[in-house]
Amino acid sequence: MAGQGVFKDLLDGDVFKYYVDGAWTPTTSGKSVGIINPSTLKSLFKISACTQDEVNKCVDSCKAAQKLWAKVPLWKRAEHLHKLAAIMKDQKITIADCLVKEVAKCMKDAMVEVVRSGDLIDYTAEEGIRILSEGKFLTSDPFPGNERNKYCLASKIPLGVVLAIPPFNYPVNLAVSKIGPALIAGNSVLLKPPTQGAVATLHMVHCIHMAGFPNGLVNAITGKGSEIGDYTTTHPGINCISFTGGDTGIAISKKAGMIPLQMELGGKDTCLVLEDADLELAATHIVKGGYSYSGQRCTAVKVVCVMESVADELVKKINEKIKKLTVGMPEKDCDITPVISETSANFIQGLVEDAKEKGAKLHQEWKREGNLIWPVLIDKVLPDMRIAWEEPFGPVLPIIRIKSVEEGIHHCNANNFALQGCVFTKNIDKAIMISDAMESGTIQINAAPARGPDHFPFQGLRDSGIGSQGIINSINMMCKTKSTVINLPGPSYSMG
Ligand SMILES: NC(=O)C1=CN([C@@H]2O[C@H](COP(=O)(O)OP(=O)(O)OC[C@H]3O[C@@H](n4cnc5c(N)ncnc54)[C@H](OP(=O)(O)O)[C@@H]3O)[C@@H](O)[C@H]2O)C=CC1
Ligand SMILES: O=C(O)[C@H](O)COP(=O)(O)O
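Residues numbered from 1 in each chain as written. Chains lettered and ligands numbered in written order. Predicted model: local features only at pLDDT ≥ 70, side-chain atom pairs only at ≥ 80, totals over all residues. Heavy atoms only, no water.

A. Here's a closer look at the packing of aromatic side chains. Summed over all chains, the structure comprises six aromatic pairs. Over the ring of Y293 we find K105, and its NZ or CZ is 4.7 Å from the ring centre. The cationic tip of K367 hangs over the ring face of W374; the distance from NZ or CZ to the ring centre is 4.2 Å. (Phe/Tyr/Trp six-rings, centres within 6.5 Å; stacked < 30°, edge-to-face > 60°. Lys NZ or Arg CZ within 6 Å of the ring centre and 35° of its normal.)

B. Representation of helix α13 (residues 428-437). Taken together, the buried positions of α13 are occupied by A431, I434 and S435. Projection of α13 onto a plane perpendicular to its axis shows the buried side chains occupying an angular sector of 105 degrees, all on one side. In α13, those exposed residues whose orientation departs by more than 90 degrees from the buried face are D429, M433 and D436. Buried positions along α13 lie against β14 (270-273), α12 (405-414), β22 (420-424) and β23 (442-445). A distance of 3.1 Å separates the backbone nitrogen of D429 from a side-chain oxygen at the start of α13, and that oxygen is part of N427. (Buried < 20%, exposed > 50% of the residue type's maximum accessible area, 1.4 Å probe, protein only. Helix = DSSP H or I, 4+ residues; strand = E, 2+ residues; numbered from the N terminus. Arc of directions from axis to C-beta. Contact = heavy atoms within 4.5 Å. Polar contact = N/O pair within 3.5 Å; in protein donor to acceptor, adjacent residues only side chain to side chain.)

C. Geometry of the confidence of the model for the protein. In this model, the protein carries an average pLDDT of 98, and 100% of its residues clear a pLDDT of 70 or more. Confidence metrics for the complex model read pTM 0.98 and ipTM 0.97. (pLDDT = per-residue confidence, 0-100.)

D. Expanded view of the packing of helix α2 (residues 74-90) against helix α6 (residues 198-210). It is the contact of α2 with α6, at a shortest axis distance of 9 Å, that shows an interaxial angle of 130 degrees. In this view, α2 runs oblique relative to α6, as classed from their interaxial angle. Considering how the two elements wind past one another, α2 and α6 form a crossing that is right-handed. Residue-level contacts link K83, L84, I87 and M88 of α2 to M204, C207, I208 and M210 of α6. Residues of the contact of α2 with α6, tallied by class, amount to seven nonpolar, no polar and one charged. (Axes fitted to C-alpha atoms, helices over the stretch in contact; angles between N-to-C directions. Parallel < 35°, antiparallel > 145°, perpendicular 65-115°, else oblique. Left-handed = near helix turned anticlockwise from the far one by under 90°. Nonpolar A, V, L, I, M, F, W, Y, C, P; charged D, E, K, R; others polar.)

E. The arrangement of the environment of E275 in detail. Examined against the element boundaries, E275 turns out to sit in the loop between β14 and α9 (279-291). By relative accessible area, E275 is classed as partly exposed at 49%. A C-alpha to C-alpha distance of 6.0 Å links E275 and M307, two positions 32 residues apart in sequence. Aside from chain neighbours lying at most four places away, what touches E275 is M307, S309 and V310. Looking at E275, its side chain comes within polar contact range of the side chain of S309, at 2.8 Å.

F. Geometry of helix α10 (residues 308-323). With 16 residues, α10 should reach 22 Å at 1.5 Å per residue; the first-to-last C-alpha distance of 23 Å fits that figure. Within α10, burial applies to V310, A311, L314, V315, K317, I318, N319, K321 and I322. The secondary structure elements touched by the buried residues of α10 are β14, α9, β15 (303-307), β19 (376-379) and β20 (396-402). (Expected span 1.5 Å × (residues − 1).)

G. Highlighting the site of ligand 2. Close contacts around ligand 2 come from R116, N169, Y170, L174, R297, C298, T299, A450, R451 and G452, and that covers them all. One of the side-chain nitrogen or oxygen atoms of R297 is found 2.9 Å away from an oxygen atom of ligand 2. Contact with the protein chains covers 93% of the free accessible surface of ligand 2, which is 310 Å². A majority-of-atoms criterion places ligand 2 in the second largest pocket. Class assignment of the residues belonging to the shell around ligand 2 gives a composition of four nonpolar, three polar and three charged. (Near = heavy atom within 4 Å. Areas by Shrake-Rupley, 256 points an atom, 1.4 Å probe, with all protein chains shown as cover. 1 Å grid on protein atoms, 1.4 Å probe; cavity = no way out; pocket = protein on both sides within 12 Å on 5 of 7 lines; lining within 4 Å. Sits in = over half its atoms within 2 Å of the grid points.)

H. Local environment of the pattern of salt bridges. With the rule as written, the count across this model stands at 19 salt bridges. Taking the shortest distance from any N to any O, the salt bridge between R451 and E264 comes out at 2.9 Å. Within this pair, whereas R451 is found in the loop between β23 and β24 (458-459), its partner E264 is found in strand β13 (residues 261-264), the two being separated by 187 residues in sequence. The exposure class of E264 is buried, given its relative accessible area of 5%. (Salt bridge = Lys/Arg side-chain N within 4 Å of Asp/Glu carboxyl O.)

I. Looking closely at the UniProt feature "domain: Aldehyde dehydrogenase" (unreviewed entry) in the protein. The sites that UniProt annotates as "domain: Aldehyde dehydrogenase" (unreviewed entry) are residues 24-483. Along residues 24-483 one finds 40% helix and 21% strand; the C-alpha atoms at either end are 40 Å apart. (UniProt positions renumbered as here; feature names shortened; annotations may be inferred.)

J. How the structure looks around the nonpolar core. In this structure, L84, M88, I179, L183, M204 and F213 are the most contacted members of the largest nonpolar core, which totals 69 residues. Not counting residues up to four positions away in its chain, the partners in contact with F213 are W69, H80, L81, L84, L183 and I208. Membership of the second largest hydrophobic core comes to 57 residues, among which are A277, L279, V310 and I402. (Core = buried A, V, L, I, M, F, W, Y, C linked by side-chain atoms within 4.5 Å.)

K. How the structure looks around the layout of surface pockets. Roughly 1,400 Å³ of internal volume is contained in the largest pocket. Residue lining of the largest pocket: 45 residues in total, with P167, F168, G245, G246 and T248 positioned closest to the centre. Mapped by element, the contributors of at least two residues to the lining of the largest pocket are β5 (32-36), α7 (225-233), β12 (240-244), α8 (248-255) and α11 (342-357). For the lining of the largest pocket, the per-class residue count stands at 20 nonpolar, 16 polar and nine charged. Estimates place the volume of the second largest pocket at around 760 Å³. Within the residue set of the lining of the second largest pocket, elements represented by two or more residues are α4 (107-131), α5 (173-184) and α9. (Points joined across faces, edges and corners; volume = space filled by probe spheres on them.)

L. Highlighting the side chain of H411. Mapped onto the elements, H411 comes out in helix α12. Assessed through its relative accessible area of 8%, H411 is described here as buried. A distance of 2.9 Å separates a polar atom in the side chain of H411 from the backbone oxygen of A388. Excluding anything up to four places from it in sequence, H411 contacts V303, C305, A388, W389 and I400.

M. Summary view of a nonpolar patch on the surface. On the surface, a cluster of nonpolar side chains totalling about 260 Å² of accessible area is made up of F137, L153 and I486. Mapped onto the elements of the fold, F137 is located in strand β7 (residues 136-139). Here F137 falls in the partly exposed class, since its relative accessible area comes to 49%. (Patch = residues over 30% accessible without salt bridge, like charges linked within 9 Å, V, L, I, M, F, W, Y side chains within 5 Å.)

Take a look at the structure:
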């Protein structure tokens, strides 16, 4: 279905074109990048390997379009976004089908990703018209030595061209979570989709095209991040970078110029289970949080620290639930589907082998066919094992048995990643104090980590990111403050 029907203009032969100035355009490089189906390991799609000149063309086009878009009234910007949301929802099957094939996400989750993205756009339009219509009015007299002879009008203005770079695991959702706020705030967007996930994302871009946004307001460049990434992120025409992905983001932030950065990076989300926890509830959340989309979520539970006295019971409950997970192809809507690439599967296998060699106990037999890895619970993990610290991005979950809550908090805080975490206990006072002590962007009480609902603030500390996302924070981040000061000829006090 990809590149068919209303999406037929995306293809030049068997290569997906890039999108500039409102037109699907073949690259002049004559080169393409292949996308492998993670489930079959066979070649699936080809996308254009764009050149540096084409990046320049996209940035120039974004710049010109932004100047005009900044003059479009907020209600009209919102109207365009609502139209986009509706079109995306209409096209959900085609976009979801791309996700199934390209990133091996099961069909039901792929559909959820597209519909959730439409909802995110609608919500962004609603929030945007309110947030952006409000500024501040200040008078000069509160500051020592001043009379009331100056009025300051502070308002929110666009940044210019926003570079949006999403990762493979939620290529559509994490593209629109950047595009929506950028557009409502009067910016234009240069999108660089992840290679794996690019075709789904380009179909979403065509929905932007169909929604009738001005030409050039959103341009999409494709190619390997390792080849065009540095050129694009250091381009002088870029005024903001919103990036989601792994450690690449750390390198980008070191090279980027003096522009606002929004970085959503890796996570090693710690789940703390206390002696008084509802173990059935904890096990349900640990299995859902640890294994959904085969553990390939930044918000996946990535290490469980459980009090020794309840560890056996918790492990038993987790194992019972793991047994019920279906393993297979995304087309069959299985719970566990192939991980994104052979490199990723080898990396996960390496982490498991290291833990096994160092004495960890695997509750399930290690089984792998191609990129498909059967779910594993790795018990009795110790701090010298790599899996205690590294992010596997796969269906393997380490358990650390702890003697005190402090030990669990220490493990959480000793990791460079600090995205989310969670704590299971019936004692709400304790939960709040533990949440304060766990130095991560968000702590969930009695539930697994999660980004959504998408208007909640979402941020990582330390190596997990810069800034805060979520619809409201992203809108605020994608504009700056401009002040106009009215200087009166003399002091003026109302009713004075
Ligand atoms: N904190 C959060 O909100 C989230 C974090 N993540 C994290 O993302 C990671 C998984 O995603 P993954 O796609 O593998 O991450 P990567 O960091 O490998 O890639 C992310 C994006 O960066 C691009 N890229 C690669 N190199 C460069 C470069 N030099 N300059 C600019 N862009 C570049 C990639 O393009 P290409 O594909 O062409 O290489 C892709 O679009 C995990 O660590 C996960 O935790 C995921 C979701 C949410
Ligand atoms: O990148 C991710 O992992 C997703 O944004 C997760 O979203 P969720 O936690 O709401 O499923």
